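Architecture and fold: a report
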Amino acid sequence: MKLSCKCALLNAGLVGVLILILNIISPHIFGKESQMLNGQETLMDLWYVRLFVNLLGYATIFVPGYILIRYLRKVRFDETAGPGFWPQLAKLCVFGKENENHHENSIAGGDKGGGKKTTNNTSLSQSAGLLLFCFVGLQVSYLTWGLLQERMMTFEYKATDEDKGEFFKNSQFLVLVNRVLALTLGVFVLFVKQQPQHTAPLYKYSFSSISNVLSSWFQYEALKFVSFPTQVLAKASKVIPVMLMGKTVSHKKYEYHEYATALMISVGVGLFLMTSGDATRGKEKTTTVAGVILLVGYIVFDSFTSNWQGELFSKYKMSSIQMMVGVNMFSCLLTSVSLIEQGGFLECFAFMFTYPIFMSHIIILSLCSAVGQLFIFYTIEKFGAVTFTIIMTLRQAFAILLSCIIYGHPLTILGVFGVSIVFLGMFLRTYAEQRAKAIKLAREASEKSSSNV
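Predicted model, so just to flag it, every value in this text is computed and none were measured. Here the residue numbering is sequential within each chain, running from 1 through the sequence in written order. With the structure being a predicted model, the display of local features is reserved for residues of pLDDT at least 70 and the display and counting of side-chain atom pairs for 80 or more, all residues being used for whole-chain, interface and lining totals. Computation of side-chain values covers all heavy atoms of the structure but excludes hydrogens and water.

Remarks on the overall build of the protein
The following threshold applies: Only DSSP runs of H or I with at least four residues qualify as helices, and only runs of E with at least two residues qualify as strands; both kinds are numbered from the N terminus onward. Burial classification: accessible surface area is computed with a 1.4 Å probe over protein chains only, and a residue below 20% of its type maximum counts as buried, one above 50% as exposed, and the rest as partly exposed. Here a residue-residue contact requires only that any non-hydrogen atoms of the pair lie within 4.5 Å. The protein chains shown are the only cover counted for residues, whose accessible areas, like all others here, come from Shrake-Rupley with a 1.4 Å probe.
Along its length, the protein carries 15 helices and zero strands. A buried classification covers 47% of the 453 residues belonging to the protein. The long-range share in the protein, meaning contacts at least 24 apart out of those at least 6 apart in sequence, stands at 84%. Of the roughly 23400 Å² of accessible surface on the protein, 68% is carried by carbon and sulfur atoms.

Examining unusual backbone geometry
Excluding glycine, a negative phi dihedral is what most residues carry, and trans is how most peptide bonds are arranged. In this model, R76 sits at a positive phi of 55°, which is unusual for a non-glycine residue. Mapped onto the secondary structure, R76 falls in the loop between α2 (47-74) and α3 (85-94).

Overview of a nonpolar patch on the surface
Inclusion rule: Exposure above 30% relative accessible area and no salt bridge define the residues that can form patches, which grow by joining like charges within 9 Å and nonpolar side chains of Val, Leu, Ile, Met, Phe, Trp and Tyr within 5 Å. We define a salt bridge as a contact between a side-chain nitrogen of Lys or Arg and a carboxyl oxygen of Asp or Glu at a distance within 4 Å.
A contiguous nonpolar surface patch, about 690 Å² in accessible area, is contributed by V17, L18, L20, I21, L22, I24, I25 and I29. By secondary structure assignment, the location of I24 is in helix α1 (residues 2-30).

A few points about the environment of Q197
Positionally, Q197 belongs in the loop between α5 (171-192) and α6 (205-222). Here Q197 falls in the partly exposed class, since its relative accessible area comes to 29%. Residues Q197 and K317, 120 residues apart in the sequence, show an inter-C-alpha distance of 8.8 Å.

Regarding the packing of aromatic side chains
Definition in use: Ring pairs are drawn from Phe, Tyr and Trp, using the six-membered ring of Trp, whenever the two centres fall within 6.5 Å, and their geometry is named by plane angle: stacked under 30 degrees, edge-to-face over 60, tilted for the rest.
A complete count under the given rule lists 22 aromatic pairs for this structure. Ring centres of Y157 and F351 lie 5.7 Å apart, and the angle between their planes is 90°; on these two criteria the pair is classed as edge-to-face. Note that Y157 is positioned in the loop between α4 (124-154) and α5 and F351 in helix α12 (residues 344-354), a separation of 194 residues in sequence. You'll find Y157 and F351 in the same group, each marked buried. Ring centres 5.9 Å apart and planes at 20° place the aromatic pair F304 and W308 in the stacked group. Placement of the pair is F304 and W308 together in helix α10 (residues 285-316), with a separation of four residues, close to one helical turn. For F304, a relative accessible area of 24% corresponds to the partly exposed category. W308 gets classed as partly exposed once you look at its relative accessible area, which sits at 22%.

Things to note about the environment of F77
Of note, F77 is situated in the loop between α2 and α3. With a relative accessible area of 17%, F77 lands in the buried category. Between the C-alpha atoms of F77 and A90, which are 13 residues apart in sequence, the distance is 8.7 Å. For F77, the contacting residues outside a window of four places in its chain are L72, P87, A90, K91 and F95.

Below, the structure is given as C-alpha cells:
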C-alpha cells in the first residue's frame with residue numbers, strides 16, 4: 001500500500017513538473033501580449049492562444065490532482081487514513097464527510113441562498129425602506145462594476161496627453177483580484193455567522209471554480225471585441241443554454257412558458273445584434289466573429305457553473321457562503337498559479353505603477369464585486385429570489401442605457417425594440433414562475449385541509 005502510494009505521488013509529481021516546464025517555456029514560444037494599440041503583434045495577441053496558455057496553467061493543478069484523487073478513491077483511503085494532519089487533509093479534500101449523514105443538521109445561519117424569510121414583525125414602511133436599500137445597493141454596486149469593467153478593457157490608459165496610450169489586456173489578473181476579495185469576505189462571514197455542517201469533498205468545488213474562472217475570462221475578453229450592451233444582452237439570453245445544460249446535467253424538465261420566453265429572448269437578442277452597430281477596439285468582421293465566439297464561451301461555462309452548483313446544493317446542503325468560499329478558494333489557486341508561470345504578476349504590477357489610475361479602478365472594481373455579493377445574499381434572504389431577479393433584470397436595462405450614454409454606443413430603433421423584447425420575456429418568465437409556485441402552494445394547502453376533514 002505504501003509503495004503504491006509513493007508511486008501515485010511520484011506520477012503526479014512528474015506530470016506536474018512536466019506541465020510546469022511547458023508553462024515556463026510557453027512565453028518564449030508565443031511571445032508576450034502587446035499592450036499598445038499599434039504595437040508589434042505576437043501569437044499571444046490571439047485570444048485562443050491566450051486561452052490555451054491559461055488552460056495549460058490550470059492543468060498544473062488539475063492533472064496531478066486528478067491522478068491523486070483517482071488513486072485515493074480507488075484504494076478507499078478514507079477507511080485507512082491516519083490521524084495526522086496531511087492524511088486528514090487528503091481525506092477532507094477527496095472524500096469530505098459524504099458518507100456521514102449531516103444533511104439534517106442545517107441550522108438557521110446556513111441557507112442555500114434561495115429561501116425567503118418572513119417579515120411579519122416588520123412594518124410596511126420598514127419593509128419598503130429595506131427593499132429600497134437593497135435595490136439601491138445592488139444597482140450602485142453592479143452598475144459601477146459594469147461601467148468600470150468596460151472602461152478598463154476597451155479604453156487606453158494614458159499617463160499624459162503626450163504619451164502613447166496602452167490597453168490593459170490581462171483578463172486573468174482581473175479575475176484573480178475579484179476572487180481574492182470575495183474569498184476574504186466569505187471567510188470573514190464564515191467566522192461571524194454559524195453555518196451548517198459541511199460534508200462535501202473539497203475537490204468538487206474545483207469544477208464550478210474552473211468554469212467560473214473561464215466564464216469570467218471569456219466575459220472580459222469579449223469586451224475587447226463587442227460592446228458592453230451586446231455583452232449584457234448575451235447574459236440575458238443565457239437562460240437558453242442554462243436550460244439545455246439543465247437537461248444535460250440534471251435531466252430537468254421545463255414548462256411551455258419557459259420555452260416561449262426563451263424564444264422571445266432569442267429573437268430580441270437577434271434583432272439587437274443584427275441592427276445595432278458596435279464601438280470597440282477594432283471594427284473588422286473577424287473582430288465581431290471573435291466576440292461572438294467569446295460570448296458563447298462565457299454563456300456555456302456560466303451555465304455549467306450554476307447547474308453544477310445546484311447539484312452540489314441539492315446533494316450536500318451547504319450554505320451559499322460555504323459555496324462562495326469553496327469556489328473562490330480554487331479560483332484564487334488556479335489563477336495565481338497560472339499568472340506566476342506566465343510572469344503575469346510582474347507585467348500587471350508594472351502596468352499598475354505606470355498608470356496609477358488603473359490601481360484605483362482595480363480597487364473599486366473588486367469592492368463593487370464583493371459588496372454586490374453581500375447585497376445578493378441579503379436581498380434573497382429578506383425578499384426571496386423573485387424580487388432579486390426583478391431587481392437584477394432592471395439593472396441590466398439600466399446598464400445598457402448608461403453604457404450607450406457614457407460611451408456612445410449606437411442604438412437603432414429595431415435595436416431598442418429587440419432590447420424591449422428581451423426584458424419583456426424575462427419579466428414574463430419571472431411572473432409565470434411566481435404564479436406557478438403560488439398555484440402549487442394553494443393546491444397543496446387545499447389538499448392538506450381536505451385530508452384533515
